[in-house]
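Take a look at the letters that make up each chain.
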Amino acid sequence: MGEPVNTEVIKERLDAAKSARMKMWLELCAHCGLCAESCFFYLAHDKDPTYMPSYKVIKTLGEMYKKKGKVSREFLEETLDIAWGKCTVCRRCSQFCPFGIDMALMISTARGICNTQGVVPEGLQKAVANYWAEGNQMAMTKEDWLETCTWMESETGEEIAGLKIPMDKEGANIMYTVNAREPMYYPQDIGMAATIFHIAGEDWTMSSEGWDDTNLAMFAGDTKCMTHVVKQTYDAAIRLKAKNIAITE
Amino acid sequence: MYEFIRGPLLWVAFIVFIAGLIYRIAALVNLSLKKDQVVYDHFSTSWALRSIFHWLLPLNRTVAQYPVYSIMTYAFHILLLGVPIFLLAHSVLWYESWQISWWSLPEDVADYLSLLMLALILFLIIRRMVAPYARIVTTAADYLLLVVVALPFLTGYLAYHQWINYHLMVILHMLSGELMLILIPFTKLSHMIFFFFSRAHIGSEFGERRGTVTW
Amino acid sequence: MELFAKYLREGRIKIDPEKRIKERVTYQDPCNLSRSGDLAEYGREIISYLADDFVEMQPNREHNHCCGGGGGFIPMGPPFKRRRMESGKVKAEQIRATGATLVISPCHNCFDQIRDLSKEYDLGVKVKQFKELITETMIIPEEFQPKEEADE
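As the structure is a prediction and not an experimental result, all values here were calculated from the model.

Q: So what exactly am I meant to see when it comes to the overall build of chain C here?
A: Along its length, chain C carries eight helices and four strands. For chain C, the N- to C-terminal ordering of α and β elements is α-β-α-α-β-α-α-β-α-β-α-α. Dimensions along the principal axes, computed over C-alpha positions, put chain C at roughly 55 × 30 × 25 Å. Counting every position in chain C, which comprises 152 residues, the buried fraction comes to 59%. A fraction of 79% describes how many contacts in chain C between residues 6 or more apart in sequence connect residues 24 or more apart.

Below is the structure:
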């Protein structure tokens, strides 16, 4: 809590984020308030104006720019409360703003700045650590992943004749990737997908690495990890010479 | 005094207005070339134009959500541009200086429209004070800008009816008009041009890049 | 999802008319697919093969509301659960208004969120993904039937 804030880093990040469009948006908002109705947080809280999109942006990223990065830890904690706790970055407000200001992108930027100071919800911090450790948000080991797939192959294979879950097959038409919650909590999902691919006669495969298609690092505002996650999957597709990448539901 | 405000100062105001806007646009485009490659990657003229079209006209969901405010602001913007351009007294001045002329509003109509404009501005000010979602984001500058916009209409109205002091009113009228022109490039009034840039971007971002509409 | 729509369209996967879903269904547009992905129509296309009684939420497609589980909310876990339920009120009301008993959503965040919302707001709805519905209703051709069964 009491740790000092590195305002230099914040300033750097703010400057880097100050593209032409960011600059324009910061100046342009007419404070008309018409974004309010677009936000389900605002609607769900009996139209409490502190939940409206433009207010949330002004109170977080707007303040940061106004103070040129010289903000306190308390401020960053408040920003966490708003940017993560009162916004899902669904981008609906960006569709409803008369000026087309991309408020969701601005909230994401505020998240990224909190991230540089370690101010991130715990659950997401853990997910980021998991991505670094095992390449997926659940920190599932490679053995567990392969085992789950083999298990699903044999279980589903009892119902569907000839069903295979091809692993690391080169040159397939489809490289199928999943949400790490599936092998962890809903392994049948993989069996179902395999059933559909099998019966449709698809030439498909799964990868032993880079198989998690979620990217919670993006929600955590951690650009480095975000890139790492995407690159893993991309590299896997290149390695397997897959023609397409299919993403789970 | 009158001659100075009517002559050189008016020139200054117009030059600041035009040059200021050109400078702002140039600076924005210049910065965008360095830091906004992603905008150019996904830019689409057709989506940009559709985005502008749907929001210049009331063809979007936000307008439908706020019908009263929308009618008021459309009227406000139309009068803000229309009354000064089509006012007979202004036409006469254009003709005196440049021998150009165009259609003008009948004088009594223009008179009522000016009153309507003042009422609309009053409405916008009251709305900012009353509507919770507007009040929470409103700053002193927002009120000031509304006053800046109201002044030329107020003083023009008073001058036309020769109330208080005609000569003083005409001077204040010209001064406030010039003030507004000078402020446009450097305040939120600059949305008269940046609106188009911003809408072009978001229209392309959602439309060209993601295939969805923003209206 | 695009792929599933293609399989159904090309007849590579066939749905058993007997097994078509009879109860009322609605569709939750995931923000990443329908708002930021141009995939809204594929969802409707797949549903047209699967279900008889489909009712849209209002608003829908790219203008649909977020379920309230996105943006990291689900993995943010218990400390944010209460808030997630409160802000999900809008989605809960949208679902209730359709009168549906089954919500289809091809997104894991939406899936978890709507399941939680159903408990919180007593909506009495099930949530399913396309994978599950397709495997439940599709015709499994002869050659894919398990051997033992064929012997019987």
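Anyway, onward from the coordinates.
Q: Teacher, can you tell me more about the environment of Ala92(C) here?
A: Residue and element names in this part refer to chain C. Looking at where alanine 92 falls in the secondary structure, it is placed in helix 5 (residues 89-98). Taking the relative accessible area as the measure of exposure, alanine 92 reaches 1% and is therefore buried. For alanine 92 and leucine 117, which are 25 residues apart along the polypeptide, the C-alpha to C-alpha distance reads 6.5 Å. Not counting residues up to four positions away in its chain, the partners in contact with alanine 92 are Leu117, Tyr121 and Leu123.

Q: Could you clarify how one ought to interpret the interface of chain A and chain C in this entry?
A: Accessible area lost upon the coming together of the parts is a frequently used measure of interface size. The interface is formed by 49 residues belonging to chain A together with 50 residues belonging to chain C. Buried surface at the junction of chain A and chain C, summed over both partners, amounts to about 4100 Å²; 63% is from carbon and sulfur atoms. Per-residue buried area on chain A facing chain C is highest for Ile196(A), Ile199(A) and Glu249(A); these three make up 20% of the total on that side. Run the count over chain A and chain C and you get six salt bridges. A salt bridge links Glu249(A) to Lys131(C), with the shortest nitrogen-to-oxygen separation between them at 3.8 Å. Connecting chain A to chain C are 18 residue pairs in polar contact (both at pLDDT 80 or more). Considering each element in turn, the side of chain A that touches chain C owes the most residues, eight residues, to helix 11 (residues 188-199) of chain A. For the side of chain A that touches chain C, a count of residues per class yields 25 nonpolar, eleven polar and 13 charged.

Q: Would you mind going over the confidence of the model for chain C with me for this structure?
A: The predicted coordinates of low-pLDDT regions are not to be read in fine detail. For chain C, per-residue confidence averages 94 on the pLDDT scale, and 96% of positions sit at 70 or higher. Confidence, read as mean pLDDT per element, is least for helix 8 (residues 147-151) of chain C in chain C (52) and greatest for strand 3 (residues 102-104) of chain C (98).

Q: Just checking my understanding: could you explain the sheet that holds strand 3 (residues 244-247) of chain A for this structure?
A: Strand pairing in a sheet takes place through backbone hydrogen bonds and is either antiparallel or parallel in direction. Residue and element names in this part refer to chain A. Pairing is parallel in the open sheet, where three strands are placed in the order 2-1-3. Bordering the open sheet on either side are strand 2 (204-206) and strand 3, each of which pairs with just one other strand. Between one strand axis and the next, the sheet turns through 35° on average, direction left out of account.

Q: Would you mind going over the side chain of Thr137(C) with me for this structure?
A: Topologically, Thr137(C) is positioned in helix 7 (residues 130-137). In this structure Thr137(C) touches Ile15(C), Asp16(C), Lys19(C), Ile21(C) and Leu50(C), once residues within four positions along its chain are discounted.

Q: Help me understand the interface of chain C and chain B in this model?
A: Across the boundary between the two partners, chain C contributes eight residues, which contact seven residues of chain B. Around 600 Å² of area is buried between chain C and chain B when both sides are counted, 50% of it from carbon and sulfur atoms. Counting across the interface, chain C meets chain B through zero salt bridges. Seen at the junction of chain C and chain B, the total is six residue pairs in polar contact (both at pLDDT 80 or more). Classifying every residue of the side of chain C that touches chain B gives one nonpolar, four polar and three charged.

Thresholds, definitions, all that
Throughout, a residue's number is its position along its own chain's written sequence, starting from 1. Just so you know, chain letters begin at A and ligand numbers begin at 1, following the order they were written in. Local features in a predicted model are, by the rule used here, given only for residues with pLDDT of at least 70; side-chain atom pairs are given and counted only at 80 or more, and totals for whole chains, interfaces and linings are based on all residues. Side-chain descriptors were evaluated using all non-hydrogen atoms of the structure, hydrogens and water having been removed beforehand. Per the convention used, a helix needs a DSSP run of H or I reaching at least four residues, while a strand needs a run of E reaching at least two, with both numbered from the N terminus. Think of it in three bands: with a 1.4 Å probe and only protein chains considered, a residue is buried below 20% of the maximum accessible area for its type, exposed above 50%, and partly exposed in between. Note on contacts: a residue pair qualifies if any of its non-hydrogen atoms lie within 4.5 Å across the two residues. Once two parts are brought into contact, the accessible area they lose, counted with a 1.4 Å probe and summed over both, makes up the buried area. Criterion for a salt bridge: a side-chain nitrogen of Lys or Arg within 4 Å of a carboxyl oxygen of Asp or Glu. Any pair of nitrogen or oxygen atoms within 3.5 Å is treated as a polar contact; in protein, a donor-acceptor pairing is required on top of that, and neighbouring residues in sequence qualify only through side-chain atoms on both sides. Just so you know the grouping, Ala, Val, Leu, Ile, Met, Phe, Trp, Tyr, Cys and Pro go in nonpolar, Asp, Glu, Lys and Arg go in charged, and all remaining residues, Gly too, go in polar. You can read pLDDT as the predictor saying how much it trusts each residue, on a scale of 0 to 100. Here the rule is simple: two strands pair whenever DSSP picks up at least two bridges between them. A fitted line through C-alpha atoms represents every axis, and for helices the fit uses only the stretch in contact; the resulting angles, taken between N-to-C directions, go from 0 to 180 degrees.

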